[in-house]
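Residues per chain are reported as follows:
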Amino acid sequence: MGATTSLVLFSAGQDSTVCLAWALERFARVETIGFAYGQRHSVEMAQRPLIRAKLAEGFPTWAARLGEDHVLELAALSAMSDTALTRQAEFQMTATGLPNTFVPGRNLLFFTYAAALAYGRGIRTLVGGMCETDFSGYPDCRNDTLQTLAKAISLGMAAQFAIETPLMRTDKAGTWAMAQRLGGAPLVDLIVEHTHSCYTPERTTRRAWGYGCGRCPACALRQKGWEKWQIGKT
Ligand code: ZN
């Protein structure tokens, strides 16, 4: 096992879906983990199994590598945090300079839980779609944060864990380009059609870049990245 297997933090968003494809291209076996923590909507949780099924259907090589999916309930996280991601609230910047979608320590908890699960399964590589170039500047998306966390987990579990973040230095246009490189038009189409990045459950209007309200910061970022990628292609 070891470096031939990985566990991907998979939320059904564009970024984690590209990370899943990235891992399926590199590892002999790939498992996925998702966290239920009182998101404002359950669209993400509904899209996860669908995207896994579509990936397996469209990419036979990846189907052979795609292992189990794990869903952990983290109700304590929503009980503790009061953010726009876990309750009904409009997105806004707060006095700390961070958006109110910031759930303190979320990625630290996610990776620690993922490592605890991976430990017993002989998996030592954890993969996440965190990105430093992301608009929000979430401190738990920083490369320093996550590589330091990998060290702490390795020490604390007396096992050598690696945290891989293939999108760390990539912008959203680059993420679309990576999808194209990994799985061509079928993967790009799958991401447009089935991934969900919007802060709202809106999935009625399909745009060139996919579904969403078209107004929240996540939609704005996804659209901007799509348009930049389209221009770059021509
Ligand atoms: Zn939106």
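Use the structure listed above.
Residues numbered from 1 in each chain as written. Predicted model: local features only at pLDDT ≥ 70, side-chain atom pairs only at ≥ 80, totals over all residues. Heavy atoms only, no water.

S.K.: Just to check I follow, could you spell out helix H7 (residues 172–194) for this structure?
M.R.: At 3.6 residues per turn, the α-helix brings residues three or four places apart onto the same side. Taking 1.5 Å per residue, 23 residues should reach 33 Å; H7 reaches only 17 Å between its end C-alpha atoms and comes up short. The sharpest bend along H7 comes to roughly 125°, located at Gly-183, with the proline Pro-186 sitting one to four residues further on. Near the N-terminus of H7, the side chain that reaches the backbone nitrogen of Ala-173, with its oxygen 3.3 Å away, is that of Asp-171. (Helix = DSSP H or I, 4+ residues; strand = E, 2+ residues; numbered from the N terminus. Expected span 1.5 Å × (residues − 1). Bend = angle between axes of the 7 residues up to and from the residue. Polar contact = N/O pair within 3.5 Å; in protein donor to acceptor, adjacent residues only side chain to side chain.)

S.K.: Explain the coordination of the zinc ion to me, please; I cannot follow it from the model alone.
M.R.: Protein ligation of the zinc ion involves Cys-198 (SG), Cys-213 (SG), Cys-216 (SG) and Cys-219 (SG), the donor distances falling in the range 2.2 to 2.4 Å. Geometry at the zinc ion is tetrahedral, judged from the four donor atoms that bind it and their angles of 104 to 116° at the metal. Mapping the donors of the zinc ion onto the primary sequence gives the spacing C-x14-C-x2-C-x2-C. Of this pair, Cys-198 sits in the loop between H7 and strand E6 (206–207) while Cys-216 sits in the loop between strand E7 (210–211) and helix H8 (217–233), and the two are 18 residues apart along the sequence. Judged by relative accessible area, which is 3%, Cys-198 ranks as buried. We classify Cys-216 as buried; its relative accessible area is 9%. (Donors = N, O, S within 2.8 Å, 3.2 Å for Na, K, Ca; no water. Tetrahedral: all angles 85-135°; square planar, octahedral: opposite > 155°, others 65-115°. Buried < 20%, exposed > 50% of the residue type's maximum accessible area, 1.4 Å probe, protein only.)

S.K.: Please clarify how the side chain of Arg-222 should be interpreted in this entry.
M.R.: As for its position among the elements, Arg-222 is in helix H8. Within the buried set, Arg-222 has no salt-bridge partner at all; the shortest N-O distance to an opposite charge, 7.9 Å, is to Asp-15. Polar contacts involving the side chain of Arg-222 include one to the main-chain carbonyl oxygen of Trp-209, which spans 2.9 Å. Contacts of Arg-222, omitting those with residues within four sequence positions, involve Gln-14, Trp-176, Ile-191, Val-192, Thr-195, His-196, Ser-197, Trp-209 and Gly-210. (Lys, Arg positive; Asp, Glu negative; His and termini not counted. Salt bridge = Lys/Arg side-chain N within 4 Å of Asp/Glu carboxyl O. Contact = heavy atoms within 4.5 Å.)

S.K.: Got a minute to help me understand the sheet that holds strand E1 (residues 5–9) in this structure?
M.R.: What links the strands of a sheet is backbone hydrogen bonding, and the strands pair in either a parallel or an antiparallel sense. Across the sheet, five strands lie side by side as E3-E2-E1-E4-E5; this open sheet has parallel pairing. Each of the sheet's edge strands pairs with one partner strand only, and the pair in question is strand E3 (66–73) and strand E5 (162–164). Between one strand axis and the next, the sheet turns through 25° on average, direction left out of account. As judged from the three bridges shared by strand E4 (residues 125–127) and E5, these two strands associate in the parallel manner. From the neighbouring strand, Thr-125 faces E5, where its bridge partner is Ala-162. Against the sheet, helix H1 (residues 14–26) engages E1, strand E2 (29–36), E3, E4 and E5, with an angle of about 175° to E1. Across the face of the sheet, helix H5 (residues 106–120) comes into contact with E1, E2, E3, E4 and E5 while running at roughly 150° to E1. (Pairing = 2+ DSSP bridges. Axes fitted to C-alpha atoms, helices over the stretch in contact; angles between N-to-C directions.)

S.K.: What is the right way to look at the packing of H5 against helix H6 (residues 143–157) in this model?
M.R.: To characterise two packed helices, one gives the angle between the axes of the helices and the distance between these axes. One way to put it is that H5 packs onto H6 with a least axis distance of 11 Å and a crossing angle of 35°. Once H5 is placed against H6, the crossing between them reads as right-handed. Residues Asn-107, Leu-108, Phe-111, Thr-112, Ala-115, Ala-116 and Tyr-119 of H5 form the contact with H6, whose own contacting residues are Thr-145, Leu-146, Leu-149, Ile-153 and Met-157. Of the residues contributing to the contact of H5 with H6, the split by class is nine nonpolar, three polar and no charged. (Left-handed = near helix turned anticlockwise from the far one by under 90°. Nonpolar A, V, L, I, M, F, W, Y, C, P; charged D, E, K, R; others polar.)

S.K.: Teacher, can you tell me more about the pattern of salt bridges here?
M.R.: Pairs can form between side chains of opposite charge whenever their charged atoms are close. Evaluation of the coordinates by the stated rule reveals eight salt bridges. A salt bridge links Lys-228 to Asp-171, with the nearest nitrogen and oxygen atoms 2.4 Å apart. Of this pair, Lys-228 sits in helix H8 while Asp-171 sits in the loop between E5 and H7, placing them 57 residues apart in sequence. Classification of Lys-228 as partly exposed rests on a relative accessible area of 48%. Looking at Asp-171, the relative accessible area reads 32%, which means it is partly exposed. Glu-193 serves as the salt-bridge partner of Arg-206, at 2.9 Å between the closest nitrogen and oxygen. With a gap of 13 residues between them, Arg-206 in strand E6 and Glu-193 in helix H7 connect regions that are remote in the sequence. For Glu-193, a relative accessible area of 28% corresponds to the partly exposed category. The network of salt bridges with shared partners includes Arg-29, Glu-31, Glu-68 and Arg-121.

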